[in-house]
Each structure stands twice: as C-alpha cells, then as structure tokens.
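Structure at a glance
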Amino acid sequence: MASASTILSTEPLKVHASDISSIKAFAESNGASPIPSTYHSLTESPEDVAEELAANSIPVIDFSLLTSHDSQIHARAVLELGKACSEWSFFMLTNHGIPENLMEEMTKKSHEFHDLPVEEKEEFCDKGPLAPIKYSTSFDPQVEKVHYWRDYLKAITFPELNFPNKPPGYRENAFEYSQKIRSLARKLLQGISESLGLESNSIIESTGFDSSLQFLLANLYPPCPQPHLALGMFPHSDHGLLTFLTQNGIGGLQVKHDGKWVNVNPLPKCLVVNIGDLLEVVSNGRYASVLHRAVLNNRDTRISVVVVNGPAQDKEIGPAPELLEKEKPLFKRFKYKDYLQVQQKTGFVAKSGLDHIRFSAQQ
C-alpha cells in the first residue's frame, strides 16, 4: 500500500503571483493540475451572463459614415454614435481604415514577445504603475489578495514612444498602429462632442488631447484548466477617454449591460471601442464608462492588444463648461496624472476611482 506521503494531493496549491514571473510558464508546467486557490477569482454565477441575443445587439459604428462629407450621412452617424455611447458605452468600429495585416501583425508580434524566454523580459519587470515600459503578470501581484490568469506588457506610446526592441519589428509595428489609433480616437472624439451638442473640437481642446497620454497593453491569457474558477482580468473600467481593442480571434471579453455580462464576439476586421472614466467626467455622466472583464477557456491562448487614449497628464479635467450652463457638475476638476494615482490606489475595482472625484448628493 502506498504511504500517505506518496499520494498526490488534489488540494489546490496556494501560490502568490509575486513569486511567478509568467503565468504562461506556470500554466505550461502545471498542466491539467488544479489551479492555485489564490487564482480563484470568479465569484459570479453563470446566470449573470446574458443570452446571445444581447451579444448580437452590440452597436456597430461605421467610421466611413461618420467621416462622410455628406452632411446628412454624417449627422445620422453622429446620432448613432451618441446612442451607442449613452446606451452601451461600447461599440464595434467598422471601416476604420487600419490595414488588417497591421492589426494581425500586432497580435502576432505580441504573442512572440510573450513567447520570449522570461530572462529576456526581466529588464521590464518590477516597474511602477507609470513606468514607460512594464512587463508583469496578473494585475498588481505585490498588493492584490486574489490573482488573475494574465501576463501583460504595458508601454506609454505617446507623447513619446516607449517600446521593447524585441522581437524584431515589434517596436515599428507598435509605432504605426498606435499612431493610427490616435487618429481614429481624435475623429471619434469630434463626433462624440457633436453628439453632446458641443463644438466638434470641444473635447479635444478641453482635455489637451493633442499632447495626451497613450498606453498600449499586450495581454496574454493562456489556457486555464479550470476556467469556471478564474478570471483573466477582474471587472473594471478604463481610466482614459476611449479604449480600442483588437484580438487574435479567441473570445473572452465581456461587458456589463443592464446588469448582465455580455459576451463580445467582434465582427471580422473591426475594432472594439469602449468609453473610459474621463469621458464620463467630460460628458458630466451622460456617457458612462463601461465595466468589462476577461474570462478564460481551457483550450486556446487569447491575445488582446489594447490602446488607452487619455487626456494630457497635467491638464485639469472636468465636465465640459457648455454642459454646465444648464446642469450641475457631477464631478470635481482634477489632473489626469492625479486620477491615475487614485485609480491605482483603489485597485481599479469596478468604478471606484470615479467615486473619489464624484460630488456627493448633498454637495
């Protein structure tokens, strides 16, 4: 008879993410074994996920109509954009003009970066939240109590490009891609301004967008043997104005709509766009930022490339003055760099960062 010491335990390990330099490497070595209990982060029931009908209702914005020189076509597109922002805070963007091969190359090179030996990525580890380039796992392993099944690269790409030189060609692709995303963001912000009844350049000028901060994140979510227990990323809203996402064809993004999580299955060649906290502030609450999360599967590696476009970091941000001619401000004025620090301290949980700058009902 085998002794107790030779019987393999089925109890999940307790592993701290700060001791893991890569969840990808850990997952490959762990195989089909139970995941560590410290990664048991999925607490909501399957009933909290909406039917596919809801997923098919996600708004689609045709960028070519928004930029049409025909005033009637443009006006209808602005109305559709405003409706998507107010009802979903989220939409799929088609006919955006970014070459499909560039989008595919970004996800391919991002995967190649994560495939590099851990030693080659160590120079980007142990960096602070505003480091120009940061490679890490989970979200904030040093302080979080529960961990997430994700490795990520985060880089500031504007006003100055900061990006790894490996793998070959990655930096050049990132520069071209991030520049094109900035151009799209600028045009969308003009349309969003118009949908709010503002001058087209109102949000661009009030946020200092032309000298604003831009972050690029390359996320890797490896297959998880127990996807019903873990999350790739917890429910959160983004801190900027507009966030753009493309992925490698593997699903996993969910957005919160009408109290339910909705699976996002992007149309071919489209970009997924969501509203960030700062656009909720500028619109004085009319266009709310959207909660979203990353769920997992036990078969395929998911890669997502996310670009967050914010205001200028030293610009004081608040509700658009034109909107305050007929309504009270819902948010205090603050600098973007200060909001980033607040959100980091609150752990990005739900929309806790906005709670710190929101006026109370009594004020």
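One structure accompanies this document, and this report is about it. (Residues numbered from 1 in each chain as written. Predicted model: local features only at pLDDT ≥ 70, side-chain atom pairs only at ≥ 80, totals over all residues. Heavy atoms only, no water.)

So, the sheet that holds strand β11 (residues 292–294)
- Reading across from one edge, β6-β11-β8-β9 is the order of the 4 strands in this open sheet, with antiparallel pairing throughout. Two strands lie at the open edges of the sheet, namely β6 (233–236) and β9 (260–263), each paired on one side alone. The sheet shows a mean angle of 25° between the axes of neighbouring strands, taken without regard to direction.
- Here β6 pairs with β11 via 2 bridges, running antiparallel. Counted as the bridge partner of His-236 is His-292 from β11. (Pairing = 2+ DSSP bridges. Helix = DSSP H or I, 4+ residues; strand = E, 2+ residues; numbered from the N terminus. Axes fitted to C-alpha atoms, helices over the stretch in contact; angles between N-to-C directions.)

Things to note about the sheet that holds strand β3 (residues 133–137)
- In spatial order, the strands read β1-β2-β10-β7-β12-β5-β4-β3; together these 8 strands make up an open sheet with mixed pairing. Strand pairing shows two members of the sheet lacking a second neighbour, β1 (60–62) and β3, which therefore form its edges. Neighbour-to-neighbour, the strand axes of the sheet open up by a mean angle of 25°, direction not taken into account.
- Taken together, the 8 bridges between strand β5 (residues 214–221) and strand β12 (residues 302–309) define a ladder with antiparallel strand orientation. Residue pairing in the sheet places Asn-219 in a bridge with Ser-304 of β12.
- In the packing of helix α7 (residues 170–195) onto the sheet, the strands contacted are β2 (90–94), β4 (151–158), β5, β7 (242–247), β10 (271–275) and β12, and the crossing angle to β7 comes to about 135°. (Contact = heavy atoms within 4.5 Å.)

Remarks on the nonpolar core
- Membership of the largest hydrophobic core comes to 83 residues, with the highest contact counts inside it found for Leu-93, Tyr-177, Leu-188 and Phe-244.
- Ranked by residues supplied to this core, first place goes to α7 with 9 residues.
- With sequence-adjacent residues up to four places away left out, Phe-244 is seen in contact with Leu-93, Ile-181, Leu-184, Ala-185, Leu-188, Leu-271, Val-272, Val-273, Val-305, Val-306, Val-307 and Asn-309. (Core = buried A, V, L, I, M, F, W, Y, C linked by side-chain atoms within 4.5 Å. Buried < 20%, exposed > 50% of the residue type's maximum accessible area, 1.4 Å probe, protein only.)

Re unusual backbone geometry
- Following Phe-158, the chain continues to Pro-159 via a peptide bond in cis, the omega torsion being 10°.
- As for its placement among the helices and strands, Pro-159 is situated in the loop between β4 and α7.
- A cis geometry characterises the amide bond from Lys-166 onward to Pro-167, with omega recorded as -5°.
- Inspection of the secondary structure puts Pro-167 in the loop between β4 and α7.

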